[in-house]
Structure formats: structure tokens, C-alpha cells
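# Observations on the model geometry
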Amino acid sequence: MRKDDTMTDSFGWTISIDAGGTFTDAVGRSSRGDIKVAKVASTPDDPSRGLTNAVAALAEDGVDLGSVKLVCHGTTVATNAMLTNSMGSVLLITTEGFRDVLAYRTGSRPQVYSLTPTQPTELVPRERRLEVAERVAADGEVLVELTDDEITRVVEQVLEHQPQAIAVSLLFSYVNPDHENRIGERLRAALPGVPISLSSDVIREFREYPRTATTALNAALRPVVSNYLASATAGLAATGVNSPLQVMQSNGGCVPAQRAAEQAHRLLLSGPAGGVAGLLRSAREHGLRDVISLDMGGTSVDICLVRDGRAPYATAQVINDHTVLAPTVDIQTIGAGGGSVAWVDRTGRLRVGPRSAKAVPGPACYLRGGTEPTLTDAHVVLGSLGTEQLAGGLTLDREAARTAMATIAEPLGMSIEQAAESVVAIAMAHMTRGVRKVSVERGLDPRQFTLFPFGGAGPLHAGLLLRHLGLHSVVVPLRPGLFSADGLLAAGIRVDDAQTVLRVGTEEVLATIAQWVSERGEVLRSQILADGAQPDSARTQVVVDCRYLGQGYEIPVTIDDDQIGELDVLVKLFHAAHEELYGHASADEPVEIVTVRLAGTGDLADVTTPAVAVSTGSADRAELGRRIVHVPGEGPRDTPVFDRDRLAPGDRVDGPAVIAQMDSTTLLLADQIAEVAANLDLVITEGTPR
């Protein structure tokens, strides 16, 4: 489509942008089905610049920025700020006597058998934790009234510290938030412009340490996330984009940028969650319900197992030693990206990762100043990656890769090719272990699942993973390097709410819960539509955390909205879930309802896949040439290289083969077959049973 044609597109465009550690990916879709893509280098010093560079690249390719109706964005800003401890300075206000909750944590020792245990970092230093004289009981009854004079005293103390953000987490405020609200009101009046996070707004759940830590983390991230989203919004406006900006959350759904800044702790898995949303959409297109995603970028690998068509969710996550209470897509992350540095430790062992060369300086083969050998350099040495120009104008330099690989080959007494094969083998071991963590260690057989590898480096290991794990098959998406970005649009809007109950299930209790679900459900549906979801697409899902009375941990039970008031149904579902998870159930034990969770979702836009003509089945026209590839475990082979853009539905490629494209490379081993599906995805299977 010519650029002039896009200018008359009255239906408009949507843009999805995923900012990763190495590349920032963007996908533009018009309502007529036209698709434009861009992949530019990330800018770690100012991530918003990478975002605007990606949008500018789309404009050069024909996207009319003036007709953009929606921008969806996945970002790692919150994650990086937390991992590097570059968050805002926070002042925490707690109930008198509970100043040290962040230090005591859960009271357990993370390193039980260590003779030299390390103390986890504290989110807020002790001198910046203030106490307030007040007390609320577990049932919400006020035991010690909060006086105006006490509020005045605390506010004066806060003014002395001049914090960048304030967190307020009072005892049992998830039941009775009155005291928190009064303190928050006075603080906002005294410190206009300073972010103030109340635990009763951030998370209405029990367990004192996680609730306090989540509130403090939200406060600490808000200055960072707010500044970034303000810069991103201004940058988009400068390019001519004046549409709403939706930001991906850890829960797999988007939220408007303004609320994303207020709920910054919900963005910690913003980037990887977009890939899971795309996975669910692609799995449905292929009629698959049991799939595993492997999102491999330059820094890390994110793995998610989807069973029976449903993404797994966790109610809490631990990042950098801190527990965060927030609905999160359950993703296993390992440090084994394309930029993972290979090194020899003091004992003479070869190690790969978790340290990464990142976007700057990057792998040695990028010729951007990097000198250390990486996984990408190993593939360039082996020939599985060629020297053709890639995204962002990159041309891989084989001699630079060999020079870097020689720094580990010499001390190991190996040839450069042997060292490169060893680097790939270790990275494969990391990935295999990651897949087993989400499958075998949970009692599931990975051979019954189909793997979806994506990200710039994922398809490069598709054939190796298929063989090592004995998977049913592998599906490589049409645009693997841009898959997470494209998945952002498929995610839609999501708003979460929760309320701790802590009462034994009775008909009376269930009736009260059903009323709360009904009232909050209406609020959530209204919010979803106001956030930009398509009419009639708003829906809600209820999950009830239950446990046997006296147990310490609960099990989530999904139940239909109209069945939430039926005690028999809920108890039956809980017993079944307990039986599946632990191998037994106690039908005579009373069931305690711990927390009720409500998720509201809605669709942002229709994703139209353009029709593609069916091929005759021959892939010869797509062959670019041949090169020697040192296939790991198989030795050097004269291997054909195919241009994926020339492949059509029905085409078949027999391994060994390399299938190259702008944003990724797919490697097939001998006896493997890749067939092009109707939507142009590659379906890879073993030609000979192994």
C-alpha cells in the first residue's frame, strides 16, 4: 500500500509498541487490514526516545500518524527501575508499633542453611518510616481513634523529610479505610503534586508485609513511571499522534496511561504479558489449547504454559526480594537472551548469562563497542545467523564474533567453533530447564504441548527445543520478533479488584459476597467502557481464594458470576481443585473464603488478518542460497537459506535449513519439516519419529 493511500484511510490506524532491552518493536494496523512494522534500537538512557523513533519508522513506511486512533504500549521502565533500585525516595506511614514490618517481612529465613545469609534490601529505610497513633481491629472496629492533632503531627514530620512519594499502610485498613483516607486527604492538601499511595486503594488484601511492601513499591515507582509516561505522551504528540495511550499491565490487559502511572506496581511484567496475549490469540487460530510460549529477546527468556486455553495467573510475585500483591500472568523468566554474555569462571567452567550485553554496547558482532562473547556471537560463528542486514540497520560481523569467541575458546582449550557450540548448548540447557519448570515440575508432560517461540532469538532455537524436549510441534509466528508488540492490541482492557473476606463459607456469607460482586462488577464494566473498550465487549470473571479452615495458604477457584451465591457449587469446585493439586480432599472440613477477586475485561479493537493466496507447496522460489552451518550436535552442513517473506501457505521446507526474515531467524535440524500455515505461521514437526 502506498503512503498516499493511507492518507485517505478514514477508518484509522492502531499502533502497538513493545520496548525491550535491545529493540523497540512497533506494529501498525489499519482497519482495512493493512499492516506495517518497525524495529528500532532501544534507547536505555531515555526509553521514550526509542518509542518515538519506532513511531517515526512506521510513518516512513506509510502509516498516517494523524489518523491513529489508539496506541498500545508495553514497557520495562517499572521493572528496570526496581531491579536497579533507581526508584523515587519514599516515606512510609504505618500504625504505631508496626514501623518495622518491612524489616521483619514474613519472619522466615530465605536462606535457611546458609552460614552467611544476606539481608534483603529494604524498600524504605527505617529513618523514613513514621508511626501514627491509631488502631483498627480485624473486624474494622476502631480501637484507637485517629485525632486531628495526631494527623497534624505526622504531616509536619512528613514535610521535614520532603519525600518524592508517600506510602500509607495502616493495620487492617483493607477492612476499614477511614483513617487512611483522612491522612491521605491532609497529605494531598499539604503536598500537592507528591504521589500518595494508600494501601486501601492499592491493594485491599490481608497479610501485613506483602500489603505494606506493595504499597511502598507502588509509591516508589510512581515518580519514575509518571515521568516516563508523560515523556512518552509528549513524544507521541510531537510526532502527530494524539490518540489515547493504553499501557500493558502485568495481568495481561491494558489500562489508560494516567491510571497506569497511579498503579505503577501493576506494570512490572508489562512487556512479557503482551506476548502471552498474542499467544492466546494465535493458539485459537491454530485450534490449540495446550501451548507453551518462549519469548526470547536480547536479555532474558520468558516462558508461559497455557493449559486448556487459559493463561495461568498468580496473585503475587517476588521481584528483587520484594513481594508484590498484584494479579500477574504466571511467567517463568531466565537470564538467557541473545545478548547473554559467555564467560569462564574462576574454576574454569564455561558460564552463559545472566549478565547481558543489552542494547548498548550489544554483542560483539553488532560492532557497537561490545567485545565480550554472547549467545548471538556464537550463532554468527556457527553460521546459523548470517551477516545479512537485520532490523535497525544492523549488519552482523562474523570476524568480530570470532574474535570475541576466541577469548573463551583459548582458556578452555577449544576451537572457536567448539566454544560457540558449547555456548549454545549451555543456553539450551537453561531454556530446557525453564520449560520443565512450567511443565514437568507441575506434573504436566511437555510432549503434549506445542511450543510458540518468538522474540528476536526464540525461533533460532525452535528446532533444538523441539528435539531436546520431544514436543508435539512448534509454531513460529509470522513476525516472531514483533509478536509481543502485536499481542498488545489483542490483550484488550483489564481492570482488577479484590476484597479479603476471611470467613467460613455459609449461605449468608455467600449472599454478601454475591452482592459485592454484582455492585463492583457494574463499576468495573462502566470503567472498562470508559477506558475505551468496544461496546458490548465488557465482561467479568470471579475467582474466589478458598482454603480449609486452619490452613495457611489458599487455592484460587474460578466460578461463574451467576453461581457465586451458591455455596454447594463453590465448595464442590474447591474440593476438586484441592484434589487435583494435592491428591486429596476433605469433604467434611469447613471451607474458609479468604479473598474474592473480580477481573473486568473488554476488547480494544478487531484484529484483521489479510487473506493470503495458497501456494503450490514448493519453497524453491524462496531459496536465497546456501552456507555452511555448524548445526549443534550434527557438525558442519551445507545448508539452504530461505527468505521467509517469499514463503506462502502450503509451502514445505525440509531441514536442515535456515529461514531468514527481518526480525528473526528460524533454524531447522535434519529430518525436521516446516510447513506454512494459512496465516503464514510456520508449523515445525519431526519428519522422522524420535
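On a predicted model such as this, the values are computed, not experimentally measured, just so you know.

### Quick word on the overall build of the chain
Looking only at helices and strands, the chain has 17 helices and 32 strands in total. Taken against the 2.2 N^0.38 rule, which gives 26 Å for 690 residues, the C-alpha radius of gyration of the chain at 26 Å falls within 12% of a compact globule. With the principal axes as the frame, the chain shows a C-alpha extent of 80 × 60 × 55 Å. In the chain, buried positions account for 56% of the 690 residues. Of the contacts formed within the chain by residues at least 6 apart in sequence, a portion of 66% connects residues at least 24 apart.

### Points about helix H17 (residues 567–582)
Compared with the 22 Å implied by 1.5 Å per residue over 16 residues, the 22 Å span of H17 between its first and last C-alpha is a close match. As for H17, its buried residues are in contact with helix H16 (507–530), strand E23 (539–548), strand E24 (555–559) and strand E25 (591–602).

### A closer look at the UniProt feature "domain: Hydantoinase/oxoprolinase N-terminal" (unreviewed entry) in the chain
The positions that UniProt labels "domain: Hydantoinase/oxoprolinase N-terminal" (unreviewed entry) are, in the present scheme, residues 15–189. A helix fraction of 29% and a strand fraction of 27% characterise residues 15–189, whose end C-alpha atoms lie 39 Å from each other.

### A word on the sheet that holds strand E6 (residues 129–132)
Taken together, four strands build an open sheet; the order of strands is E6-E5-E9-E10 and the sheet is parallel. Here the strands that pair on one side only, and so sit at the sheet edges, are E6 and strand E10 (196–198). Sheet twist, expressed as the average angle between the axes of neighbouring strands with direction ignored, equals 20 degrees. Bridging between strand E5 (residues 90–95) and strand E9 (residues 165–169) involves five bridges; their strand directions are parallel. In the strand pairing of E9, Leu-92 is matched with Ala-167.

### Let's talk about the sheet that holds strand E29 (residues 657–661)
Spatially, four strands are ordered E26-E27-E29-E30 in an open sheet, and the strand pairing comes out mixed. Only two strands of the sheet have a single neighbouring strand rather than two, namely strand E26 (623–631) and strand E30 (664–668). Each strand axis lies, on average, 25 degrees off the axis of its neighbour in the sheet, ignoring direction.

### Some words on the pairing of E29
Here E29 lies mainly inside the structure; five of its five residues are buried. Here E29 shows two buried faces, one formed by Ala-657, Ile-659 and Gln-661 and the other by Val-658 and Ala-660. Here strand E27 (residues 635–643) pairs with E29 via three bridges, running parallel. Bridged to Phe-642 within E29 is Ile-659. Across five bridges, the pairing between E29 and E30 is antiparallel. The residue of E30 that forms the bridge with Ala-657 is Leu-668.

### Some details on H16
One turn of the α-helix equals 3.6 residues, which is why residues spaced by three or four share an orientation. With 24 residues, H16 extends 34 Å between its outermost C-alpha atoms, agreeing within 8% with the 34 Å of an ideal straight helix rising 1.5 Å per residue. Three or more residues of H16 are buried, namely Val-509, Leu-510, Ile-513, Trp-516, Val-517, Gly-521, Leu-524 and Ile-528. Along its buried surface, H16 packs onto strand E22 (493–504), E23, H17 and E25.

### Quick look at the packing of aromatic side chains
On inspection of all chains with the given rule, the structure shows three aromatic pairs. For the pair Phe-454 and Phe-483, a centre-to-centre distance of 4.5 Å together with 45 degrees between the ring planes defines the contact as tilted. One end of the pair, Phe-454, is in strand E20 (residues 450–454); the other, Phe-483, is in helix H15 (residues 483–491), and 29 residues separate them in sequence. This pair shows no difference in class: Phe-454 is buried, exactly as Phe-483 is. Note that Arg-494 overlies the ring of Tyr-313, its terminal NZ or CZ placed 4.5 Å from the centroid.

### Some details on unusual backbone geometry
With an omega of -5 degrees, the peptide bond between Gly-353 and Pro-354 qualifies as cis. For Pro-354, the location among the structural elements is in strand E19 (residues 350–356). Residue Pro-656 follows Gly-655 across a cis peptide bond; omega there is 0 degrees. When you line up the elements, Pro-656 lands in the loop between strand E28 (652–654) and E29. In the Ramachandran plot, Arg-207 falls in the positive-phi region, its phi being about 80 degrees despite a non-glycine side chain. Within the secondary structure, Arg-207 sits in the loop between helix H7 (199–202) and helix H8 (208–239). Residue classification places Arg-207 among the partly exposed positions, given a relative accessible area of 29%. A positive phi angle is found at Leu-680, which is not glycine, with a value near 75 degrees. With relative accessibility at 17%, the residue Leu-680 sits in the buried group.

About the criteria used
- Residues numbered from 1 in each chain as written.
- Predicted model: local features only at pLDDT ≥ 70, side-chain atom pairs only at ≥ 80, totals over all residues.
- Heavy atoms only, no water.
- Helix = DSSP H or I, 4+ residues; strand = E, 2+ residues; numbered from the N terminus.
- Rg over C-alpha atoms; globule rule 2.2 N^0.38 Å.
- Buried < 20%, exposed > 50% of the residue type's maximum accessible area, 1.4 Å probe, protein only.
- Contact = heavy atoms within 4.5 Å.
- Expected span 1.5 Å × (residues − 1).
- UniProt positions renumbered as here; feature names shortened; annotations may be inferred.
- Pairing = 2+ DSSP bridges.
- Axes fitted to C-alpha atoms, helices over the stretch in contact; angles between N-to-C directions.
- Phe/Tyr/Trp six-rings, centres within 6.5 Å; stacked < 30°, edge-to-face > 60°.
- Lys NZ or Arg CZ within 6 Å of the ring centre and 35° of its normal.

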